[in-house]
Amino acid sequence: VRRAVEHSTLRQLDGGKYLQLDQPASFVRCTIALTFSCDGTRFASTHGDHSIKVFEFPSGIQVAGLHRHVRTPWTARFHPFERDILVSGCLGNECIVWNVKTQQCITSLQLSNSYTRSCTSCVCFHPNGRLIAIASGREVV
């Protein structure tokens, strides 16, 4: 079953291709994390240029570039049933909830040293969509 799923996925990706980005590849530097939207029609990636880029699937056309993090975003997750809502967390210990359609911040949270001395390494929406769990160092917020 796993091989059939992998084969099907690779076929949909057209054998794999590099996607057009809103910045030159040398500026983007690296890709860190990927996540799919709840309906599977979009995916987002986090990058070394401190951005999150959102693409349509399977076309690979970039539909949004989310730029506000002061450090590299290390994690991102889509809302469990709203494909235009995304949460991200960065090495600067900041979490941002985004409206992908408007490319604007809905709200943000700067975790201070009173919470942790580390980066935000993982974010996740609760299945009901009203709660976000944040992992930072040895702490869960």
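Residues numbered from 1 in each chain as written. Predicted model: local features only at pLDDT ≥ 70, side-chain atom pairs only at ≥ 80, totals over all residues. Heavy atoms only, no water.

K.L.:
Please explain the pattern of salt bridges as it appears in this structure.
P.N.:
In a structure, side chains of opposite charge can pair up when their charged atoms sit close to one another. Summed over the entire model, instances satisfying the criterion amount to 6 salt bridges. Here Glu56 ties to Arg42 by a salt bridge, and the two come within 3.2 Å at their closest N and O atoms. With Glu56 in strand β3 (residues 51-56) and Arg42 in strand β2 (residues 42-47), this residue pair connects regions lying 14 residues apart in the sequence. Accessibility expressed as a relative area gives 8% for Arg42, which makes it buried. Glu56 is paired through a salt bridge with Arg83; the nearest N and O atoms lie 4.0 Å apart. (Salt bridge = Lys/Arg side-chain N within 4 Å of Asp/Glu carboxyl O. Helix = DSSP H or I, 4+ residues; strand = E, 2+ residues; numbered from the N terminus. Buried < 20%, exposed > 50% of the residue type's maximum accessible area, 1.4 Å probe, protein only.)

K.L.:
I tried to follow the sheet that holds strand β6 (residues 85-90) on my own but got confused; where do I start?
P.N.:
Sheet strands pair by backbone hydrogen bonding; their relative direction is either parallel or antiparallel. If you walk across this open sheet you meet the 4 strands as β5-β6-β7-β8, and the pairing is antiparallel. Lying at the two open borders of the sheet, with one neighbouring strand each, are β5 (73-78) and β8 (104-110). Strand-to-strand twist of the sheet, defined as the mean angle between neighbouring strand axes without regard to direction, takes the value 20°. The sheet contact formed by β6 and strand β7 (residues 94-99) spans 5 bridges and is antiparallel. When the sheet's bridge partners are listed, Gly89 is paired in β7 with Cys95. (Pairing = 2+ DSSP bridges. Axes fitted to C-alpha atoms, helices over the stretch in contact; angles between N-to-C directions.)

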